[in-house]
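# Working through the structure, step by step
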Amino acid sequence: MIFVGGFGHLPNVNAALWLVDEIMPLVWRAVPEARLLLVGSAPPMAVQALAGPQVEVTGFVPDIAPLFNRARVSISPLRYGAGVKGKIVASLQAGVPVVTTTVGNEGLDLVDSQDAMIADTATALADAVIALWRNPERCAALAAAGQAVLRDRYSEDAARRALQAVLTAMATRPAKMMRLVPLPTPRVVICSPSHIRNIVPPTSVMTQDMRKNRPGSITAEPNWPRMFSNPTAMP
């Protein structure tokens, strides 16, 4: 089995500890010959301490393909985090069946038991791993389904189709959908050690309160020190 994740990211540390401390003991009861690879850069001491006869902590590897080739299952028991998980996309691409959590599946929308095995408790995750370990045909079917999802959603052809659909939709809509929104004229004050001077825009875009000030004069509202210290206060 393989777990992939850069350990500078705390959700990966949490997942690795949970995997070895609570999930794998359940797996090893049923399949004691199973070995686990923890692959990723910068493993902290807590992750390095997980290494043993059945767990290998590799650290950074320049090419993960040979490790995927050794793996029967890719497991990503993430309990928190956000965004599409690259580790899962990489596993699908490599043809390794995926066991993950609801959090790990966020943004991917894999179908449980069809594209991947998805569970959120240590017992259910261990049961999914054991079922795949004991059934090579099921492993192969899940791997094929995962690769089909990857082709349909994340391949170059899929990206090209999505972009073409957007461009076609824009070309068929009326031009009025493109609308320019006028922005307020900024009042710019330049500070230097010797002076503060106002940079006045051309008369055609000057605001009324700026027109009565000549270039070289100071134009600042009473709260201008606050505006400089807090950019969100700028008009």
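What comes next is a walk through the structure. (Residues numbered from 1 in each chain as written. Predicted model: local features only at pLDDT ≥ 70, side-chain atom pairs only at ≥ 80, totals over all residues. Heavy atoms only, no water.)

Counting 37 residues, the largest nonpolar core has Met-1, Leu-19, Ile-23, Val-27, Leu-36, Leu-38 and Val-99 as its most contacted members. Considering each element in turn, this core owes the most residues, 10 residues, to helix α1 (residues 10-30). If sequence neighbours within four positions are ignored, Val-99 has contacts with Val-73, Ser-74, Ile-75, Ser-76, Met-117, Leu-125, Ala-128, Val-129 and Leu-132. The next biggest cluster of nonpolar side chains, apart from the first, holds 10 residues, and it includes Leu-92, Leu-108, Val-149 and Leu-150. (Core = buried A, V, L, I, M, F, W, Y, C linked by side-chain atoms within 4.5 Å. Buried < 20%, exposed > 50% of the residue type's maximum accessible area, 1.4 Å probe, protein only. Helix = DSSP H or I, 4+ residues; strand = E, 2+ residues; numbered from the N terminus. Contact = heavy atoms within 4.5 Å.)

Of the two faces of strand β2 (residues 36-39), the one lined by Leu-36 and Leu-38 and the one lined by Leu-37 and Val-39 are each fully buried. Pairing between strand β1 (residues 2-4) and β2: three bridges, direction parallel. When the sheet's bridge partners are listed, Phe-3 is paired in β2 with Leu-38. With α1 bridging β1 and the parallel β2, this β-α-β connection has right-handed handedness. (Pairing = 2+ DSSP bridges. Right-handed = clockwise from strand over helix to strand, strands pointing away.)

For the rest of this paragraph, the subject is the packing of aromatic side chains. Overall, the coordinates contain one aromatic pair when judged by the stated rule. Positioned over the ring face of Trp-133 is Arg-72, at 4.3 Å from the centre of the ring. (Phe/Tyr/Trp six-rings, centres within 6.5 Å; stacked < 30°, edge-to-face > 60°. Lys NZ or Arg CZ within 6 Å of the ring centre and 35° of its normal.)

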